[in-house]
Every structure is written in structure tokens, then in C-alpha cells.
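So the chains spell out like this:
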Amino acid sequence: MIDNLFLLAIGAFGWGLSLTTYRLFARQNKWPMGALHADLPAIPILLGIFALTMGLLFAAARGADYGGWIIVASGILLAIFWTGFLRVGSQVSLFLAPIAAALLLMGWLPAMLGYEQPRWAHSRPSDLIKRAPQSVPAQPDR
């Protein structure tokens, strides 16, 4: 079983942290910035804070015993990789961070409200594919 919400929380936290801090590192290291980071820095920062907060809230709800610290540590490592090594490529975080945060919220909100979680939130991708029933050869009557 794959815990898709766990992976989305790592992504939301890491991409949100990268998005929030990119302008700081770009100005300090003289990296190129996209138009939003250069002209309207409030938009990427708010998107990043939203995604970062969703990942952090999910990690806190999970608790330390069920991987909360792993979400935070992996998210920080993702942000370091995404910002430090990809640099300009980290502008993709403008799309990935809010998408990961929204999917995390859509998969987690039903469980918070007492409803059943969607199947995609806790199953393997291969379980979501509909397969034709396998035909069983007929057994001869005895």
C-alpha cells in the first residue's frame, strides 16, 4: 500500500518551502528570477506559505510516531534539492506546490470530517485501474 497523502505532504512542504525562500536565495546568489518572483513576490510567497502550512499541518496531525518528522525532514531535503540544484527549474514550484497542497487537502479533509477517505488517497496506483474479470474455464460436471 502506498500512502499518497504522505507523499503529497512531503511535496507540499518541500515545494512550498522552496517557493517561499527562492527569492531570498536568488537575490543573494544573483540567480535569475521569474516575473512573479521579481515583480510580485507576494504571490509566490503566499502560495508557498499555503502549501508549506498544509504539509506541516498534515505532519502535525500524523504525529511523530506515524511519520510526522519524516514528512518535515524529507520536505526540507526536497526544498534544498529543488532550490539549490535546480535553481531556475524551481519555478515549477509555482504549479507543483499549490497542486500538491490542494490534493492533500482533498484527500485529507474527508477523514477529518469523519467521512471515508477517497480510494486514491491510500491505495496503489495499480489498484485504481479497472480490469476485465478473468474468465475461469468451466469445470466438467462429475
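It should be noted that the structure appears before, not after, this text.
Definitions and limits used
- Residues numbered from 1 in each chain as written.
- Predicted model: local features only at pLDDT ≥ 70, side-chain atom pairs only at ≥ 80, totals over all residues.
- Heavy atoms only, no water.
- Salt bridge = Lys/Arg side-chain N within 4 Å of Asp/Glu carboxyl O.
- Helix = DSSP H or I, 4+ residues; strand = E, 2+ residues; numbered from the N terminus.
- Buried < 20%, exposed > 50% of the residue type's maximum accessible area, 1.4 Å probe, protein only.
- Phe/Tyr/Trp six-rings, centres within 6.5 Å; stacked < 30°, edge-to-face > 60°.

### Some details on the pattern of salt bridges
- For the coordinates displayed, the defined rule picks out one salt bridge.
- Across the pair Asp-3 and Arg-62 runs a salt bridge whose closest N-O atoms are separated by 2.3 Å. Of this pair, Asp-3 sits in the segment before helix H1 (4-29) while Arg-62 is found in helix H3 (residues 42-62), placing the two residues 59 residues apart along the sequence.
- A relative accessible area of 23% means that Arg-62 is categorised as partly exposed.

### Overview of the packing of aromatic side chains
- In the structure shown here, the tally under the stated rule is four aromatic pairs.
- With centroids separated by 5.7 Å and ring planes inclined at 65°, the aromatic side chains of Trp-15 and Trp-82 adopt a geometry described as edge-to-face. In this pair, Trp-15 sits in helix H1 while Trp-82 sits in helix H4 (residues 68-84), placing the two residues 67 residues apart along the sequence. By the burial criterion, Trp-15 is buried, and Trp-82 matches it.
- With centroids separated by 5.2 Å and ring planes inclined at 85°, the aromatic side chains of Phe-58 and Trp-108 adopt a geometry described as edge-to-face. One end of the pair, Phe-58, is in helix H3; the other, Trp-108, is in helix H5 (residues 93-112), with 50 residues separating them in the sequence.
- By relative accessible area, Phe-58 is classed as buried at 3%.

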